[in-house]
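Overview (structure and organization)
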Amino acid sequence: MAARVALIHDFLLDLRGAERVFAAICDVWPEADVFTAVYDEAGTEGRFAGRNVHTSFLQRLHLTAGTFRPLLPLYPHAVESFDLRGYDTVISSSSAWAHGVLVDPGAVHVSYCHNPFRYAWSEREATLRARSPLVRPALRVLLSRWRQWDWIAAQRVDRYVANSRMTAERVRRYLGRDSTVVHPPVEIDRFSPHAVGEHYVVLAELMAHKRLDIAIEAFSRLGLPLVVIGDGPDGRRLRRLAGRTVTFTGRLSDAGVAALLASARALVVTAVEEFGIAAVEALAAGRPVIALGEGGVRESVEPGVTGAFYERNDPAALAETVLAFDALAVDPAACRGAAEHFSVPRFQHRLAAIVADAVSGERPPRPGERPVLAAGLLHGGRRTDWKASRTAATKDLGRN
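Rules of the game
- Residues numbered from 1 in each chain as written.
- Predicted model: local features only at pLDDT ≥ 70, side-chain atom pairs only at ≥ 80, totals over all residues.
- Heavy atoms only, no water.
- Salt bridge = Lys/Arg side-chain N within 4 Å of Asp/Glu carboxyl O.
- Buried < 20%, exposed > 50% of the residue type's maximum accessible area, 1.4 Å probe, protein only.
- Helix = DSSP H or I, 4+ residues; strand = E, 2+ residues; numbered from the N terminus.
- Contact = heavy atoms within 4.5 Å.

Details of the pattern of salt bridges
Counting across every chain of the model gives 28 salt bridges. A salt bridge links Arg-312 to Asp-314; its shortest N-O distance comes to 2.5 Å. Each of Arg-20, Arg-47, Glu-187, Arg-190, Asp-254 and Glu-281 takes part in salt bridges that share partners, so that together they form one network.

Concerning helix H9 (residues 277–284)
Of all eight residues in H9, eight are buried, a share of seventy percent or more. Along H9, the residues classified as buried are Ile-277, Ala-278, Ala-279, Val-280, Glu-281, Ala-282, Leu-283 and Ala-284. Looking at the packing, one finds that the buried side of H9 touches helix H1 (17–28), strand S8 (200–203), helix H8 (254–262), strand S11 (267–269), strand S12 (289–292) and helix H11 (332–339). Backbone geometry just after H9 places Gly-286 at a positive phi near 85 degrees.

Topic: unusual backbone geometry
In most cases, non-glycine residues show a negative phi, while peptide bonds are predominantly trans. One non-glycine residue, Glu-45, lies in positive phi territory at about 55 degrees. Looking at the secondary structure, you find Glu-45 in the loop between strand S2 (33–36) and strand S3 (53–55). In this structure Glu-45 comes out as partly exposed when scored by relative accessible area, which is 45%. Backbone geometry places His-62, a non-glycine residue, at a positive phi of 55 degrees.

Rendered as structure tokens:
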């Protein structure tokens with residue numbers, strides 16, 4: 001009998017970088033069932049139409065990309081509710097909770113990690129500072145419990161795959177697990193070089209941690225045209241900061257994004273990205289990248305050849321780099337050649353090989369049978385077999 005494969009993703013409500021990665025994973029296993037906490041076929045532009053998609057109890061709330069965040073404490077419980085009995089191989093695509101699924105004792109679970117849940121780990125203190133002092137104590141407790149759940153869930157995964165060296169280091173530091181780096185796929189055939197205009201581009205979700213205010217302030221001071229592509233909860237604040245040379249497009253079609261990237265002087269990246277798919281998309285369009293010199297962008301952009309880095313994340317440093325960097329002197333062919341290293345087939349081949357190796361190898365026993373549920377803890381908890389693991393996790397987490 002053929003092995004049964006289950007593919008898990010945090011949520012499928014729109015089509016951003018992580019969802020495009022998951023779509024590439026789905027194409028490797030076309031007969032596999034898909035599990036996700038909540039699903040919106042229209043929001044994901046039909047990329048998963050025709051798949052056998054299983055959702056959690058949260059689906060009944062008809063959540064969208066703009067309304068799902070207030071229920072974050074419930075998502076660990078939602079992903080643990082999936083019935084994965086009978087599946088031999090489970091592949092999760094996780095930036096928060098998908099890696100926490102409960103699998104059959106004999107199954108193999110490989111998790112592709114976009115980033116450990118940022119609000120509980122790398123962005124924890126920034127998240128607390130951004131909230132009212134009245135809600136911080138409760139939020140601090142919630143994030144501590146999420147850390148416990150996350151660490152324990154991570155011990156059940158058989159093989160971790162990280163999207164960059166930065167993510168691999170975070171998986172090791174926060175979750176205590178080693179991982180193999182496989183850079184995410186980029187649909188490079190969507191892009192081709194065109195005549196270059198006057199504008200620069202930002203392509204990102206409008207979130208506070210993306211630090212788009214740095215780019216907006218820098219280009220407002222310079223009086224140079226900046227086009228901001230994307231939407232998100234920080235959009236209203238960012239529009240208030242913008243000068244007359246900064247324009248916002250909202251979300252665009254793939255063709256619209258490709259056209260603006262190909263005609264831009266350069267893509268501007270202000271966040272510390274775990275990898276940075278947008279940077280590779282710009283390279284595929286033949287355009288260089290001006291970025292903060294930290295994180296995954298160092299794995300795709302070569303300073304002086306396909307872009308430039310600035311070292312201090314403030315508007316003055318970015319503005320200085322923009323003025324000093326001759327974007328028009330960059331060879332589009334060099335940019336395109338750099339992007340070729342991140343093609344979809346290359347990613348699919350490497351991930352399939354890792355999964356095959358995990359399935360054929362000997363799997364060590366997992367600790368315990370049930371995890372500590374974050375949602376359950378919030379509602380008084382439930383009996384588990386994880387007392388020893390939870391104690392060890394709590395001691396370890398207290399040092400972070």
